[in-house]
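# Breakdown of the fold
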Amino acid sequence: MKPLLLKMVFQMLHFHMIIILFQISSSQPLTNTTGYACNQLNQTSPSCQAYAFYTSMGPNYLDLASISDLFSVSRPMIAKPSNLTSLTSPLSPNQSLFIPLTCTCNSVNTTTNLSYAKLNYTIKKGDTFYLVSTELYHNLTTYQSVQIVNPTLVPINLTIGQDVIFPIFCKCPTKTQLQNQLNYLISYVFQPFDTIESIASRFGSTIKSILEANGNSVFNTWDTVFVPVSRLPELTQPTPVNNVSLGHTKERKKEVIGLGIGLGVCGLLLLILVCCWAYKESLWKKNKVKNDDVENKQKKDVGVSLMADVSDCLDKYKVYSIQELNEATDGFDERWVIQGSVFKGYLNGKHYAIKKMKWNACEELKILQKVNHGNLVMLEGFCIDSSDANCYLVYEYLENGSLYTRLHESNIERLSWRTRLRIAVDVANGLQYIHEHTRPRVVHKDVKSSNILLDTHMRAKIANFGLAKSGCNAITMHIVGTQGYIAPEYLADGVVSTKMDVFSFGVVLLELISGREAVDKDGKVLWIEAYEKFNGDEEKHYKHKLKGFIDDFLLRESCSIDNVMNIMSIAIACLHKDPSRRPSMVDIVYALCKSDDLFTDLSEEGFSPRQVIAR
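Residues numbered from 1 in each chain as written. Predicted model: local features only at pLDDT ≥ 70, side-chain atom pairs only at ≥ 80, totals over all residues. Heavy atoms only, no water.

### Considerations on the overall build of the protein
- Broken down by element type, the protein carries 23 helices and 18 strands.
- Relative to its 615 residues, the protein shows a buried fraction of 43%.
- A sequence separation of at least 24 residues applies to 68% of the contacts in the protein between residues at least 6 apart.
- Accessible area of the protein: about 33800 Å², with a carbon and sulfur share of 56%. (Helix = DSSP H or I, 4+ residues; strand = E, 2+ residues; numbered from the N terminus. Buried < 20%, exposed > 50% of the residue type's maximum accessible area, 1.4 Å probe, protein only. Contact = heavy atoms within 4.5 Å. Areas by Shrake-Rupley, 256 points an atom, 1.4 Å probe, with all protein chains shown as cover.)

What follows is the structure, encoded as structure tokens:
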């Protein structure tokens, strides 16, 4: 009887517990997981400037470079609103930041418009929509909204290197808010111990304006709260620890202690040296032999290390010995220098271009083994010399040298307009391949006329991947490249993207049209002159201006001015100061191949523009 009674009591308690939990859960407000609708009629513009409140976190997001890369903005764009005085100092864990967002009203289907900032994110190993939304973007979006704006992607079948749009929740101020001097809405994620009062106090807003901006909602933890403000509050940032001055003080103490120890040791050593003077000659010989052994071992270790780094390439390229390369170049005699550290060599009955490098070439090799295209110079093999830790890359040899030489050296036969146009299409095809058909995408970073080589038929190939980077939308502090070809956004903020190659290609087009160098002897930059002269002007005015810009040789050749004007239009589009408004290499190849002169020239050889695109 007692067991039956106890069973009935437990069943009643269980039933009442379910009722209580249901009442609690049903009384809680529902979290918005799919996004926030935008009212286009009540907005003054389809997009606006907004900000997200974000905190730094370890181990990978404790510096501006990684956070700016995550949100696809430059470091100064975060540092200024966040009251940071340094772009390079490490951040403290949970340090407050304001991230600028371009908030846009986006149509996700025929009936729904959502307000968010589009951020492109490349999937890495172990990533899921949920993990990236919660751990990297700190719940500023949700995995459900990621699925909505990426309807063609399968969340359980993501591939490494795949590009995904992550919608960061944001809102634009309404007409009423702007009239009340509420100029910005800050996207803030509601924390476990937050209240509307504490949020209003933190950002200098009011409870009323926050409730109105959020439809008088009741907030759950991790909900997005839109905080309207007239101006961004000044964040109080921790004072960077002066590690340098502390280090100097410690180092000074160490120097004093070390000096005392050193004097004592020197006295003792002097006594030992006097006693051992008789053995000086024999010790010197022994030490010399020992040092030689150590040096040889170090060189051997460096060579082994370099070979380990490029082990993935061993099955694809021929590995030459240093003896073979010495014989091919007469010991790298200056008579065989092509340019800089590139030598002409004769191996197995053929000529090759041999590039001698004083650093590790494994990064260049890793990129080159991913690419295979007729408009890229082919790598035939490599050599690592363990005796001096030099690397040598062996490339195919192109008989007609560089485009720079053909355009700018007076003692060489000038190129016809059809040849120049065909070279432009070849280079564009090569860049299109590395931008669109490699994963992750490759950015060359040093497109210029001296890195464009010509074969016996004057067909162009892109060379020198020494500065190339695998992966886009990165930020770097180490600015490299050639003056006159560097894109403005890369020079100013270190932004690495495929659009910097598009810019450099535009400069090459200007060289082909004008026959002039990218930077003349007086330091005058060609693209600045062309952009100021032709940008924003109607094409009907191009013809008059082109007479003072086009290569005199082309005028004497009587090439089609209309065709040159079309190519100039492409060049000016490539040079746009806003990288997002530059065309892609796909668009450029298509536009170049529409040229009548190119079509006639290729038709004579049995090709067509469509074939050039598909190569």
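### Focus: the sheet that holds strand 2 (residues 96-107)
- If you trace the six strands from one edge of the open sheet to the other, you get 4-3-2-1-5-6, paired in mixed fashion. The open sheet has two edge strands, strand 4 (163-169) and strand 6 (224-229), and neither has a second partner. Averaged over all pairs of adjacent strands, the angle between strand axes in this sheet comes to 40 degrees, irrespective of strand direction.
- Two strands pair when backbone bridges link them, and strand 1 (residues 47-55) and strand 5 (residues 184-189) are joined in this way by two bridges, in the parallel orientation. What sits directly across from Tyr 51, in strand 5, is Ile 186.
- Strands strand 1, strand 3 (113-122) and strand 4 of the sheet are contacted by helix 4 (residues 129-136), whose axis makes an angle of about 45 degrees with strand 4. (Pairing = 2+ DSSP bridges. Axes fitted to C-alpha atoms, helices over the stretch in contact; angles between N-to-C directions.)

### Thoughts on the pattern of salt bridges
- Under the counting rule described, the total for this entry stands at 10 salt bridges.
- Salt bridges linked by common partners bring Asp 330, Asp 333 and Arg 335 together as one network. (Salt bridge = Lys/Arg side-chain N within 4 Å of Asp/Glu carboxyl O.)

### Description of the nonpolar core
- If you look at the biggest cluster of nonpolar residues, it comprises 83 residues, and the most contacted ones within it are Phe 505, Leu 510, Ile 588 and Leu 592.
- With residues near it in sequence (within four places) discarded, Leu 510 still touches Gly 515, Leu 526, Trp 527, Ala 530, Phe 549, Met 568, Ala 571 and Leu 575.
- In this structure, Phe 71, Leu 136, Phe 166 and Val 189 belong to the second largest nonpolar core, which totals 36 residues. (Core = buried A, V, L, I, M, F, W, Y, C linked by side-chain atoms within 4.5 Å.)

### A short note on the environment of Gln 191
- Here Gln 191 shows up in the loop between strand 5 and helix 7 (196-203).
- Using a relative accessible area of 30% as the deciding quantity, one classes Gln 191 as partly exposed.
- In this structure the C-alpha to C-alpha distance between Gln 191 and Asp 223, which are 32 residues apart in sequence, comes to 8.3 Å.
- Those residues in contact with Gln 191 that lie beyond four places of it in its chain are Thr 221 and Trp 222.

### Details of the state of the cysteines
- Applying the stated criterion across every chain, the model contains three disulfides.
- Shown here is the disulfide that connects Cys 38 with Cys 105, its sulfur atoms set 1.9 Å apart. The disulfide joining Cys 38 to Cys 105 has a torsion of about 55 degrees about its S-S bond and is therefore right-handed. Here the residue Cys 38 occupies a position in the loop between helix 1 (2-27) and strand 1, and Cys 105 occupies one in strand 2, the gap between them amounting to 67 residues.
- A relative accessible area of 13% places Cys 105 in the buried class. (Disulfide = S-S within 2.5 Å.)

### Re a nonpolar patch on the surface
- On the surface, Ile 257, Ile 261, Val 265, Leu 268, Leu 269, Leu 271 and Ile 272 cluster together to form a nonpolar patch covering roughly 660 Å² of accessible area.
- Here Val 265 shows up in helix 9 (residues 243-275).
- On the basis of relative accessible area, Val 265 is assigned to the partly exposed category, the value being 39%. (Patch = residues over 30% accessible without salt bridge, like charges linked within 9 Å, V, L, I, M, F, W, Y side chains within 5 Å.)

### Regarding the packing of helix 20 (residues 561-574) against helix 21 (residues 585-593)
- One way to put it is that helix 20 packs onto helix 21 with a least axis distance of 10 Å and a crossing angle of 170 degrees. Considered as vectors, helix 20 and helix 21 are oriented roughly antiparallel to each other. Judged by residue contacts, Ile 567, Ile 570 and Cys 574 of helix 20 engage Ile 588, Ala 591 and Leu 592 from helix 21.
- Its residues placed into classes, the contact of helix 20 with helix 21 shows six nonpolar, no polar and no charged. (Parallel < 35°, antiparallel > 145°, perpendicular 65-115°, else oblique. Nonpolar A, V, L, I, M, F, W, Y, C, P; charged D, E, K, R; others polar.)

### So, helix 21
- Here helix 21 has its buried residues at Met 585, Ile 588, Val 589, Leu 592 and Cys 593. The buried side chains of helix 21 occupy one side of the element, clustering within an arc of 125 degrees when seen end-on. (Arc of directions from axis to C-beta.)

### Here's the deal with the environment of Ile 322
- With respect to the element layout, Ile 322 can be found in helix 11 (residues 322-328).
- By relative accessible area, Ile 322 is classed as buried at 15%.
- For the pair Ile 322 and Asp 385, spaced 63 residues apart in the sequence, the C-alpha separation amounts to 6.1 Å.
- Once you skip the residues sitting within four places of it in the chain, Ile 322 turns out to touch Phe 332, Cys 383, Asp 385 and Tyr 392.

### Quick notes on the packing of aromatic side chains
- Evaluation of the coordinates by the stated rule reveals 21 aromatic pairs.
- Ring centres of Tyr 36 and Phe 226 lie 4.9 Å apart, and the angle between their planes is 90 degrees; this geometry places the pair in the edge-to-face category. Here Phe 226 lies in strand 6 and Tyr 36 lies in the loop between helix 1 and strand 1, a separation of 190 residues in the sequence.
- Classification of Tyr 36 by relative accessible area gives buried; the value is 12%.
- The class for Phe 226 is buried, based on a relative accessible area of 0%.
- Ring centres of Phe 98 and Phe 203 lie 6.3 Å apart, and the angle between their planes is 45 degrees; on these two criteria the pair is classed as tilted. Of the two residues, Phe 98 is situated in strand 2 and Phe 203 in helix 7; the sequence distance between them amounts to 105 residues.
- Its relative accessible area of 0% is what places Phe 98 among the buried residues. (Phe/Tyr/Trp six-rings, centres within 6.5 Å; stacked < 30°, edge-to-face > 60°.)

### Regarding helix 7
- Those residues of helix 7 that sit buried are Ile 196, Ile 199, Ala 200 and Phe 203. One face of helix 7 carries all of its buried residues, which in axial projection span an arc of 100 degrees.
- Elements in contact with the buried residues of helix 7: strand 1, strand 2, strand 5, helix 8 (207-213) and strand 6.
- Positioned one or two residues after helix 7, Gly 204 has a phi angle of 70 degrees, which is positive.

### A short note on the sheet that holds strand 8 (residues 337-339)
- Taken in spatial order, the six strands make up an open sheet running 7-11-12-10-9-8, and their pairing is mixed. For this open sheet the edge positions go to strand 7 (318-319) and strand 8, each flanked by a neighbour on one side alone.
- In the sheet, strand 7 pairs with strand 11 (residues 379-385) via two bridges, with the strands oriented parallel. Each bridged residue has a counterpart across the sheet, and for Lys 318 the counterpart in strand 11 is Gly 381.

### Re unusual backbone geometry
- Across the junction of Gly 58 and Pro 59, the peptide omega takes the value 0 degrees, indicating a cis bond.
- On the secondary structure map, Pro 59 appears in the loop between strand 1 and helix 2 (64-70).
- Of note, the bond from Arg 439 into Pro 440 is cis; its omega dihedral lies within 30 degrees of zero at -5 degrees.
- Mapped onto the fold, Pro 440 is located in the loop between helix 14 (417-436) and strand 13 (442-443).
- Phi is positive for Asn 348, close to 50 degrees, though the residue is something other than glycine.
- With respect to the secondary-structure elements, Asn 348 resides in the loop between strand 9 (342-347) and strand 10 (350-357).
- Its relative accessible area of 61% is what places Asn 348 among the exposed residues.
- Positive phi, close to 75 degrees, is recorded for Lys 445, a residue that is not glycine.
- Mapped onto the elements of the fold, Lys 445 is located in the loop between strand 13 and strand 14 (452-454).
- By relative accessible area, Lys 445 is classed as buried at 12%.

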